[in-house]
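Here are the chains, one letter per residue:
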Amino acid sequence: MEWSNDLIGRCSAPKTHHIHRGALEQFARALELHYLPYFDPEAAKSAGFRDVIAPPTFAITLTANEIPGLELPGAGIIHGEQQFSYHEPITAGDEIQVVQCIEKLKARGAAVFLTLKTTGRNTQGDEVFVSRSLLIVNLDSVSHKESAQ
Amino acid sequence: MTPFVLPSFTKTISQEHLIRYAAASGDFNPIHYDTETAKRFGLPGVIAHGMLSMGLLDHLFAPLYDQGYRLQEISVRFRQIIRPGETVVFSATADPAGKNTLKVSLCVQSQLANKPAVSGQAIFFRPDRQSR
């Protein structure tokens, strides 16, 4: 594909995710986390939350629709950096609409540095979280030195 | 106010961690479970998901959550691969910035390595009681 600056600012169509307690619990258990508001609705409420909440990195699982014109190779991508910022925790029962946009794109030699910004909003349209992933795409398909982490 | 160290912890990353994380996150890239595929991409073998290391950092934050802090932002840089079987140290130092804010520097380092696999920072905010 053509890695031109025209791609900057392009966004996916919105995609809605329903947040289920079970998915939050499975994610927290995979990380062997013990903080009770990830599992127990009563503990979550006494900590000031509406229901059980998601661990901070759970937002990575809320995948977006494809960005038109962006074709990421299946391999040869390095996840270089990751950032999440939260207005409030993702909470069971939420409906979160995610939109992913190409925020930055820089070609350097055989590599493309791509920053994808994903914004999650609740049904009122308020921003819940913003996630930024820096992906390094290796255009030299012959030498796959590394792949996505 | 002076910086303080959060209780660190050590974890040996197992194949089971990788498989359970793949299932929970939906990240089924074969480099995290198939040795042949991993080698084809120039890796020494199966590697842990970067997001698994980042996710495990949350163990460090439990004492802050218990004090009423909430995570506002976390950002990391993935610097080195981690392979299953490696024993990894997760550590953090908190630096108070203003009355209700903490800036926390983060480090994930394999015991075999001389530099961090993951470094980063997190910002925590403690809302006043009446607004919680």
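Every value quoted in this text rests on a predicted model; they were computed, and no experiment measured them. (Residues numbered from 1 in each chain as written. Chains lettered and ligands numbered in written order. Predicted model: local features only at pLDDT ≥ 70, side-chain atom pairs only at ≥ 80, totals over all residues. Heavy atoms only, no water.)

Draft legend 1. Quick peek at the sheet that holds strand S2 (residues 77-86) of chain A. Read across the sheet, 10 strands follow the order S1(A)-S3(A)-S4(A)-S5(A)-S2(A)-S2(B)-S5(B)-S4(B)-S3(B)-S1(B) without closing on themselves; strand pairing throughout is antiparallel. Two strands in the sheet have a free side with no partner beyond their single neighbour: strand S1 (15-18) of chain A together with strand S1 (4-12) of chain B. The sheet shows a mean angle of 20° between the axes of neighbouring strands, taken without regard to direction. Taken together, the seven bridges between S1 of chain B and strand S3 (residues 87-96) of chain B define a ladder with antiparallel strand orientation. By the bridge assignment for S3 of chain B, lysine 11 of chain B is matched with valine 88 of chain B. (Pairing = 2+ DSSP bridges. Helix = DSSP H or I, 4+ residues; strand = E, 2+ residues; numbered from the N terminus. Axes fitted to C-alpha atoms, helices over the stretch in contact; angles between N-to-C directions.)

Draft legend 2. Quick look at the interface of chain A and chain B. Every contact between the two is made by 32 residues of chain A and, on the other side, 38 residues of chain B. Applying the counting rule to chain A against chain B returns two salt bridges. For the salt bridge of lysine 11 of chain B with glutamate 32 of chain A, the shortest nitrogen-to-oxygen distance reads 2.4 Å. One can count 13 residue pairs in polar contact (both at pLDDT 80 or more) joining chain A with chain B. At the level of secondary structure, the elements contributing two or more residues to the side of chain A that touches chain B comprise helix H1 (21-30) and S2 of chain A. (Contact = heavy atoms within 4.5 Å. Salt bridge = Lys/Arg side-chain N within 4 Å of Asp/Glu carboxyl O. Polar contact = N/O pair within 3.5 Å; in protein donor to acceptor, adjacent residues only side chain to side chain.)

Draft legend 3. Main features of the pairing of strand S4 (residues 101-110) of chain B. Residue and element names in this part refer to chain B. Bridging between S3 and S4 involves nine bridges; their strand directions are antiparallel. Along S4, the bridge assignment pairs alanine 94 with valine 104. Two strands pair when backbone bridges link them, and S4 and strand S5 (residues 118-125) are joined in this way by eight bridges, in the antiparallel orientation. Counted as the bridge partner of valine 104 is alanine 122 from S5.

Draft legend 4. Main features of the UniProt feature "domain: MaoC-like" (unreviewed entry) in chain B. Residues given the UniProt feature "domain: MaoC-like" (unreviewed entry) here are residues 10-93 of chain B. Structurally, residues 10-93 of chain B is divided into 35% helix and 23% strand, and its ends, taken at the C-alpha atoms, are 16 Å apart. (UniProt positions renumbered as here; feature names shortened; annotations may be inferred.)

Draft legend 5. Just the UniProt feature "domain: FAS1-like dehydratase" (unreviewed entry) in chain A, in detail. Residues annotated by UniProt as "domain: FAS1-like dehydratase" (unreviewed entry) correspond here to residues 7-129 of chain A. End C-alpha to end C-alpha, residues 7-129 of chain A measures 23 Å, and it is 13% helix and 34% strand.

Draft legend 6. Quick look at the side chain of glutamine 100 of chain A. Among the secondary structure elements, glutamine 100 of chain A is positioned in strand S3 (residues 95-108). A polar contact of 3.0 Å, which involves the side chain of glutamine 100 of chain A, links it to the side chain of threonine 118 of chain A.

Draft legend 7. Geometry of the state of the cysteines. Residues and elements named next belong to chain A. Here the structure, examined in full by the defined rule, presents one disulfide over all chains. Each sulfur of the disulfide joining cysteine 11 and cysteine 101 lies 2.0 Å from the other. One disulfide, between cysteine 11 and cysteine 101, carries an S-S torsion of 105° and so falls in the right-handed class. One end of the pair, cysteine 11, is in the segment before S1; the other, cysteine 101, is in strand S3, with 90 residues separating them in the sequence. According to the relative accessible area criterion, cysteine 11 is partly exposed, its value standing at 32%. (Disulfide = S-S within 2.5 Å. Buried < 20%, exposed > 50% of the residue type's maximum accessible area, 1.4 Å probe, protein only.)

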